Amino acid sequence: ATVNVSGVLTSVVRPGQYPNCTEDDECVCQRCSPAVCLTCGASQYSGAGSYACDSCADNATSAAGSTAVTDCACSPGSFGTITDAASTCSPCAAGQFTEVAGASACQDCLAGSFAPYLGSSSCEACTALATSPPGSTSASDCLCPTGTTGDAL
């Protein structure tokens, strides 16, 4: 413990410890043990000596028990690179998708499919025989080819 400029005894938190403070801000450092330490949940991380879990960026995820912000990765349907706590993940535009976490860019939907929503993790297929241009954003982009007839929607 140390005395701050106001003359109040404060705790010095060391790796493997956490502060146990009362309402009067009197802190006593206690050794962290498996009985009192909790694993950070999915989409959270915490470094050595931390006593709280931090959340990954919006549209990002991490495995439970992650130990650094760089363990966070952009979720399927979004893209970006997580290098620090200020990093962000952006949703894919309509007509694009990412299927896996950690993508640095979105891909256009292939011909014959479309993604009508922002943040898609997959593309929807046009009906049988119908086709659409790459990067299509709507079922109305699916057209019956020459020599066929019907409702391509």
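Quick notes on the rules
Residues numbered from 1 in each chain as written. Predicted model: local features only at pLDDT ≥ 70, side-chain atom pairs only at ≥ 80, totals over all residues. Heavy atoms only, no water. Helix = DSSP H or I, 4+ residues; strand = E, 2+ residues; numbered from the N terminus. Buried < 20%, exposed > 50% of the residue type's maximum accessible area, 1.4 Å probe, protein only. Contact = heavy atoms within 4.5 Å. Areas by Shrake-Rupley, 256 points an atom, 1.4 Å probe, with all protein chains shown as cover. Disulfide = S-S within 2.5 Å. Polar contact = N/O pair within 3.5 Å; in protein donor to acceptor, adjacent residues only side chain to side chain.

**Student:** Sorry if this is basic, but what is going on with the overall build of the protein chain here?
**Tutor:** Along the backbone of the protein chain there are zero helices and 14 strands. A buried classification covers 25% of the 153 residues belonging to the protein chain. In the protein chain, 26% of the contacts between residues at least 6 apart in sequence involve partners at least 24 apart. Roughly 9300 Å² of accessible area belongs to the protein chain as shown, and the carbon and sulfur atoms make up 53% of that amount.

**Student:** Looking at this model, I keep getting lost on the state of the cysteines. Mind explaining?
**Tutor:** Cysteine pairs can be linked by a disulfide, which is a covalent bond between their two sulfur atoms. Applying the stated criterion across every chain, the model contains six disulfides. Across the disulfide from Cys74 sits Cys89; the S-S distance is 2.1 Å. One quick way to see it: the torsion about the S-S bond of Cys74 and Cys89 is about -85 degrees, and its sign makes the bridge left-handed. Taken together, the residues Cys74 in strand β8 (residues 73-74) and Cys89 in the loop between β9 (78-79) and β10 (90-91) connect sequence positions 15 residues apart.

**Student:** Can you walk me through the environment of Cys92 in this structure?
**Tutor:** Mapped onto the fold, Cys92 is located in the loop between β10 and β11 (96-97). Each C-alpha atom, one on Cys92 and one on Gly119, is 4.6 Å from the other, the two residues being 27 residues apart in sequence. When residues no more than four places from it in sequence are discounted, the contact partners of Cys92 are Gly77, Ser78, Phe97, Thr98, Cys106, Tyr117, Leu118, Gly119 and Ser120.

**Student:** So what exactly am I meant to see when it comes to the side chain of Ser78 here?
**Tutor:** Looking at the element boundaries, Ser78 is found in strand β9. Only 3.1 Å separates the side chain of Ser78 from the backbone oxygen of Asn59, close enough to count as a polar contact. Those residues within four positions of Ser78 in sequence are excluded, and the remaining contacts are Asn59, Cys89, Ser90, Pro91, Cys92, Thr98 and Ala103.

**Student:** Is there a simple way to explain the side chain of Ser113 in this structure?
**Tutor:** Relative to the helices and strands, Ser113 is located in strand β13 (residues 113-114). Looking at Ser113, its side chain comes within polar contact range of the main-chain oxygen of Leu110, at 2.7 Å. Beyond its immediate chain neighbours, meaning those up to four positions away, Ser113 contacts Cys123, Glu124, Ala125, Cys126, Ser132, Pro133 and Ser136.

**Student:** Can you walk me through unusual backbone geometry in this structure?
**Tutor:** It is generally the case that most residues other than glycine have a negative phi and that most peptide bonds are trans. One non-glycine residue, Ser43, lies in the positive phi region at around 70 degrees. You will see that Asn59, though not glycine, has its phi angle at about 65 degrees, which is positive. Tracing the chain through its elements places Asn59 in the loop between β6 (54-55) and β7 (60-61).

**Student:** What exactly am I supposed to notice about the environment of Gly80 here?
**Tutor:** Locating Gly80 in the fold gives a position in the loop between β9 and β10. Residue Gly80 is classed as buried on the basis of its relative accessible area of 15%.

**Student:** Sorry, what's going on with the environment of Asp71 here?
**Tutor:** Residue position: Asp71 is located in the loop between β7 and β8. Along the primary structure Asp71 and Ile82 are separated by eleven residues, whereas in three dimensions their C-alpha atoms are 8.1 Å apart. Non-local contacts of Asp71, meaning those with residues more than four positions away in its chain, are made with Thr61, Ser62 and Ser66. Engagement of the side chain of Asp71 in a polar contact is seen with the backbone nitrogen of Thr67, the distance being 2.9 Å.

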